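Listed below, chain by chain, are the residues.
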Amino acid sequence: MPASAMSAEAVAAPTARSWLDRAEAGLGRIEETLAIGLVVAIAVLVNLQVVARYLFHAPFIWPEEVTKLMLVWLAFLATAAVSRRGADMAVTTFTDMMPPGLRRAVAVLRDVVLTGLYLLVAWEARRLVEALSGMTLVATDWPVSLLVWPLLLGSLLLALHAAARLVREAGA
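Residues numbered from 1 in each chain as written. Predicted model: local features only at pLDDT ≥ 70, side-chain atom pairs only at ≥ 80, totals over all residues. Heavy atoms only, no water.

With that settled, the discussion passes to the overall build of the protein. Broken down by element type, the protein carries six helices and zero strands. When the elements of the protein are put in sequence order from the N terminus, they spell out α-α-α-α-α-α. Out of the 172 residues in the protein, the part that is buried amounts to 28%. In the protein, of all internal contacts separated by at least 6 residues, the share reaching a separation of at least 24 is 72%. Surface accessibility of the protein: about 11200 Å² in total, with carbon and sulfur atoms responsible for 72%. (Helix = DSSP H or I, 4+ residues; strand = E, 2+ residues; numbered from the N terminus. Buried < 20%, exposed > 50% of the residue type's maximum accessible area, 1.4 Å probe, protein only. Contact = heavy atoms within 4.5 Å. Areas by Shrake-Rupley, 256 points an atom, 1.4 Å probe, with all protein chains shown as cover.)

Put into structure tokens, the structure is as follows:
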């Protein structure tokens, strides 16, 4: 169909909701890609340590510390990715028995509370990052705050996903 024959609706600018959906999907792909990369890196690092220790009798000092750090990052990135997909654990026994209108109101209330809670956790994580400045990890001499940054980032991502659900609920 020629461009001149397209309707006004077809060429209208994307709505805020469709923009939000695309942005959140893109962010989700980044979260999932980073999580997969961390799983692969952890597997490589653990196997490298096993080979170095048992084949060459010369273990490295740093892999355990780096692996723990990657596991913390993985936990918070994966939590955000799972939440975005709506695959997080929930007990829905009572909400499933509610009429649709009340169920929707409870879902909105849940997302309002979760958004606020995640923002509060992010705020406190930021304070903890500041409090830990200057401290370093033993084996790598990296900043201890690297263990807290995933909490801050993960909380912000979770807040964003909960807020995006609110926007979708408002438009539904």
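Structure's up, so let's keep going.
Here the focus is a nonpolar patch on the surface. Judged by side-chain polarity, I36, V40 and V44 come together as a nonpolar surface patch covering roughly 290 Å² of accessible area. Tracing the backbone shows V40 in helix α2 (residues 16-54). (Patch = residues over 30% accessible without salt bridge, like charges linked within 9 Å, V, L, I, M, F, W, Y side chains within 5 Å. Salt bridge = Lys/Arg side-chain N within 4 Å of Asp/Glu carboxyl O.)

Further remarks concern the confidence of the model for the protein. Scored by pLDDT, the protein has a mean of 89; 90% of the residues are at 70 or more. Confidence over residues 7-13 falls short of pLDDT 50; this stretch has one contact with residues more than four positions distant or in other chains. (pLDDT = per-residue confidence, 0-100.)

Within the secondary structure layout, S83 lies in helix α3 (residues 63-85). Measuring from C-alpha to C-alpha, the distance between S83 and H161 comes to 7.0 Å, with 78 residues separating the pair along the chain. Not counting the four nearest positions on each side in its chain, S83 is found in contact with D88, L158, H161 and R165.

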